[in-house]
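Notes for the structure review
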Amino acid sequence: MSLVTGRPGGEAVPKPRRAGGARPPAARAPRGGRRNLQGWLFSTPFLALFGVFMLFPIVATLWMSFTDFGVRDVRRPLGAQFVGVDNYVKLFGDETFRTALFNTAYFVVAGVPLTVVLGLLVALLLNNGIDRARTFFRVGFYAPVVTSIVAVAIVWRFVLDPSDGLVAGLAAELGAKAPDFLGSPAWAMPSLILMAVWRNLGTVMVLFIAGLQAIPTQVREAARLDGAGAWQELRRVTVPLLRPTLLYATVITTIGYLNVFEEPFVMTQGGPSNATLTVSLDMYREGFNFFHMGYASAMAYVLFVVIMGVTVLQLRLLKDNTR
Amino acid sequence: MSVPTASVPARRREGRVRRPVLYALASLGLLVMATPFLWMALSAFKTRQDLTASPPVWIPSQWTLRNFGELLQQLDMPRYFMNSLVVAVLVTACNLLFCSMLGYALAKLDFAGRSKVFGVVLAALMVPGNLLILPLYVLMSRLGLIDTYAGLVLPFAAGAFGVFLMRQFMKSVPDELLEAARIDGAGEWYIFWRIVLPLVKPALATLTIFTFLGSWNNFVWPLVATNDPGKYTLPVALATFANDPNRTVAGGNGMLMAGSLLVVLPVLVVFVVLQRHFTQGIATAGLK
């Protein structure tokens, strides 16, 4: 069926704008019907892939979290025993999981504000502070974002190495002794956080630069003319106008950090003595090293609920209350 | 995209005093950001003596390619490179097609259920990958797709981010243009393929870069979905090698730096050449 023939009465007038409004509904039906069909045809590839590789797993994870899904069930998935909420009950008595929850919270609570504040400062510096070689600086600060986490985690592991590492060497030159960053329970997590800030700063910076450039120059000029100093301008004008960007940057950084996996996997394997074991890493181990897949699914859902909860909370707290 | 803010006289005046300080600050920050990369690049060419020297040696006292040679002996890097490349190319091609198709439908076709489909896209943006990998692994092993390219590509063949990006860009294509083509008898596919896609080339470029990079750097799913070392992608091979307790420790850091350099360098070069697209892409996805 072609477009032209399917439009009865449409040919007589070049642009039927429905001016009279007297067109009977029956005449419009085939057009709307075909539009619907075409819309759905264009949506089909995405929706099919979404259904199989996202919607189905979301539901399947929930189902698995109520079973004792183990290694034998990979061959016969429907053979898994239903165990009710046993996995969830066990989870909250699980010392290791509680440690993983704590570590993940530590990573987020320390890492997100550091990343967002430093990202904002760098954006202000590059957008307002300097006027030449901006692109050069921007490229430099953004570069870590595009690189493989695995590769840079390996590099950082070497930089922080207690015997041959750069930091230990520089400290020795100054007559100090650097701690064994990744080998000490106290220093391992701060080291991972530092690396995450280094790697994700660029994303936040780019968002804030775009936000800053969307603020009309006149607004700032007006603030200046009214006698606002640089600090006042920042606090009373710039930051409030950046609120949507701040919200977006905080939310995406938080979601990313709650899922933290690669850094501890490569740099510390969760150690020393579980000091850097995160929820994702704990889930990976339970699921793929021990094949406690039902139990790991329960972990995945707890993490998902935490992520949703934190996101909703942030949207509530940080959204514009002045309107 | 707006141009950097116009200069304000007041700012220029005080800039004379402060500017050197601000440049020094920015340069210092940049140095800190670049240090791990410099250390990696230089260490990849160091001899064993230089690698373990105290105080640390920045510039190799003797440049050597031995780390690369040893690495290639222990790891089949060309093969992992090919695996990563094939997966990234396939993922990118699928995303370009499928995301633009849905982006077009959401931006330009007024069909019943459109807002629901868009809701699905937005919801898909929020779903963390960790929630999916357990049943995905079971599904893929039932389908016999573990250790295959299809198994690595399919879960990433149509990302919600891409749909969102394409929809934003396609909204700016004037409706009159499409209406005119429809009156001339063009079908929706023709309009999509011949009229709309050529008009959103910048968006396609942005999507290509982000999807390719995302796939190139992807780690968790390839780690789960490959058991056969012959099917490892670069990050999986490198991480497995780095965590292998049997790896010879002496000179190991040199090999690891050489491997990291091989993974990171192509990406950094592409990034520097195409940097404009990166910053614009993020800003578009974040603010519109």
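As recorded in an unreviewed UniProt entry, chain B goes by Multiple sugar transport system permease protein and comes from Nonomuraea pusilla. Among the UniProt annotations of chain B, the heading Sequence similarities (unreviewed entry) holds the following wording: "Belongs to the binding-protein-dependent transport system permease family." Regarding chain B, the UniProt comment filed under Subcellular location (unreviewed entry) reads as follows: "Cell membrane".

Chain A has the name Multiple sugar transport system permease protein in an unreviewed UniProt entry, where Nonomuraea pusilla is given as its organism. In UniProt, chain A has this text filed under Sequence similarities (unreviewed entry): "Belongs to the binding-protein-dependent transport system permease family." Here chain A is described in UniProt, under the heading Subcellular location (unreviewed entry), as follows: "Cell membrane".

**Some remarks on the interface of chain B and chain A**
In many reports, interface size means the accessible area that the parts give up when they come together. If you look at the interface, chain B gives 105 residues, while chain A gives 103 residues. Note on chain B versus chain A: buried area summed over both sides is about 9300 Å², and carbon and sulfur give 75% of it. With 19 residues, the single largest contributor to the side of chain B that touches chain A is helix α1 (residues 9–43) of chain B. In terms of residue class, the side of chain B that touches chain A is made up of 76 nonpolar, 20 polar and nine charged.

**Quick look at the layout of surface pockets**
Looking at the second largest pocket, its volume works out to about 1200 Å³. If you go around the second largest pocket, you meet 43 residues; those closest to its centre are Leu118, Leu121, Val122 and Leu125 of chain A together with Leu25 of chain B. Contributions of two or more residues to the lining of the second largest pocket are made by α3 (95–129), α5 (149–159), α6 (166–173), α7 (185–213), α8 (217–225) and α9 (230–241) of chain A together with α1 of chain B. If you tally residues by element for the lining of the second largest pocket, the top one is α1 of chain B, at 13 residues. By residue class, the composition of the lining of the second largest pocket is 29 nonpolar, seven polar and seven charged.

**Focus: the environment of leucine 247 of chain A**
Residues and elements named next belong to chain A. Within the fold, leucine 247 resides in helix α10 (residues 243–258). Each C-alpha atom of the pair leucine 247 and lysine 319 lies 7.1 Å from the other, and the pair is 72 residues apart in sequence. Those residues in contact with leucine 247 that lie beyond four places of it in its chain are Gln314, Leu315 and Leu318.

**Considering helix α3 (residues 66–74) of chain B**
Along α3 of chain B, the residues that are buried comprise Asn67, Phe68, Glu70 and Leu71 of chain B. The arc enclosing the buried residues of α3 of chain B, seen along the axis, measures out at 165°, which places them on a common side.

**Section: the UniProt feature "transmembrane region" (unreviewed entry) in chain A**
Residues and elements named next belong to chain A. Taking the numbering used here, the UniProt-annotated feature "transmembrane region" (unreviewed entry) corresponds to residues 40–66, 105–127, 139–159, 192–215, 241–260 and 290–313. The span residues 105–127 shows a helical share of 100% and a strand share of 0%, and its end C-alpha atoms are spaced 32 Å apart. For residues 241–260, helix accounts for 85% and strand for 0%, while the C-alpha atoms at its two ends are 30 Å apart.

**Some points on the nonpolar core**
Leu126, Phe141, Met205 and Met293 of chain A together with Tyr104 and Met170 of chain B are the most contacted members of the largest nonpolar core, which totals 186 residues. The greatest single-element share of this core, amounting to 15 residues, is contributed by α7 of chain A. Setting aside its immediate chain neighbours within four residues, methionine 170 of chain B contacts Ser100, Gly103, Tyr104, Ala107, Lys108, Phe192, Val196, Leu197 and Val200 of chain B.

**So, the pattern of salt bridges**
Residue and element names in this part refer to chain A. Taken as a whole and judged by the stated rule, the model has nine salt bridges over all chains. A salt bridge links arginine 98 to glutamate 95; the nearest nitrogen and oxygen atoms lie 3.2 Å apart. Placement of both arginine 98 and glutamate 95 in helix α3 is noted, with a separation of three residues, approximately one turn of the helix. Look at arginine 98 and you get partly exposed, because its relative accessible area is 39%. Three or more residues joined by partner-sharing salt bridges are found here, namely Asp68, Arg72 and Asp73.

**Re the side chain of serine 148 of chain A**
Take serine 148 of chain A: it is sitting in the loop between α4 (134–146) and α5. You can call serine 148 of chain A buried: its relative accessible area is 1%. Of the polar contacts made by the side chain of serine 148 of chain A, one reaches the backbone nitrogen of alanine 151 of chain A; its length is 3.1 Å. Non-local contacts of serine 148 of chain A, meaning those with residues more than four positions away in its chain, are made with Arg199 of chain A together with Asn217, Pro235 and Val263 of chain B.

**Digging into the UniProt feature "transmembrane region" (unreviewed entry) in chain B**
Residues and elements named next belong to chain B. Residues given the UniProt feature "transmembrane region" (unreviewed entry) here are residues 21–42, 80–105, 117–137, 149–170, 191–213 and 255–274. In residues 21–42, helix accounts for 100% and strand for 0%; the two terminal C-alpha atoms are 30 Å from one another. Regarding residues 191–213, the helix share stands at 96% and the strand share at 0%, and the terminal C-alpha atoms are separated by 30 Å.

**Digging into the packing of helix α9 (residues 175–183) of chain B against helix α10 (residues 188–199) of chain B**
Residues and elements named next belong to chain B. Running from N to C, α9 and α10 point in directions that differ by 145°, and their axes come no closer than 10 Å. The element α9 and its partner α10 pack so that their crossing is right-handed. Between α9 and α10, the residues in contact are Leu177, Leu178, Ala181 and Arg182 and Glu188, Ile191, Ile195, Val196 and Leu199, respectively. Of the residues belonging to the contact of α9 with α10, the class tally is seven nonpolar, no polar and two charged.

What counts and what doesn't
Residues numbered from 1 in each chain as written. Chains lettered and ligands numbered in written order. Predicted model: local features only at pLDDT ≥ 70, side-chain atom pairs only at ≥ 80, totals over all residues. Heavy atoms only, no water. UniProt positions renumbered as here; feature names shortened; annotations may be inferred. Contact = heavy atoms within 4.5 Å. Buried area = accessible area lost by both parts, 1.4 Å probe. Helix = DSSP H or I, 4+ residues; strand = E, 2+ residues; numbered from the N terminus. Nonpolar A, V, L, I, M, F, W, Y, C, P; charged D, E, K, R; others polar. 1 Å grid on protein atoms, 1.4 Å probe; cavity = no way out; pocket = protein on both sides within 12 Å on 5 of 7 lines; lining within 4 Å. Points joined across faces, edges and corners; volume = space filled by probe spheres on them. Buried < 20%, exposed > 50% of the residue type's maximum accessible area, 1.4 Å probe, protein only. Arc of directions from axis to C-beta. Core = buried A, V, L, I, M, F, W, Y, C linked by side-chain atoms within 4.5 Å. Salt bridge = Lys/Arg side-chain N within 4 Å of Asp/Glu carboxyl O. Polar contact = N/O pair within 3.5 Å; in protein donor to acceptor, adjacent residues only side chain to side chain. Axes fitted to C-alpha atoms, helices over the stretch in contact; angles between N-to-C directions. Left-handed = near helix turned anticlockwise from the far one by under 90°.

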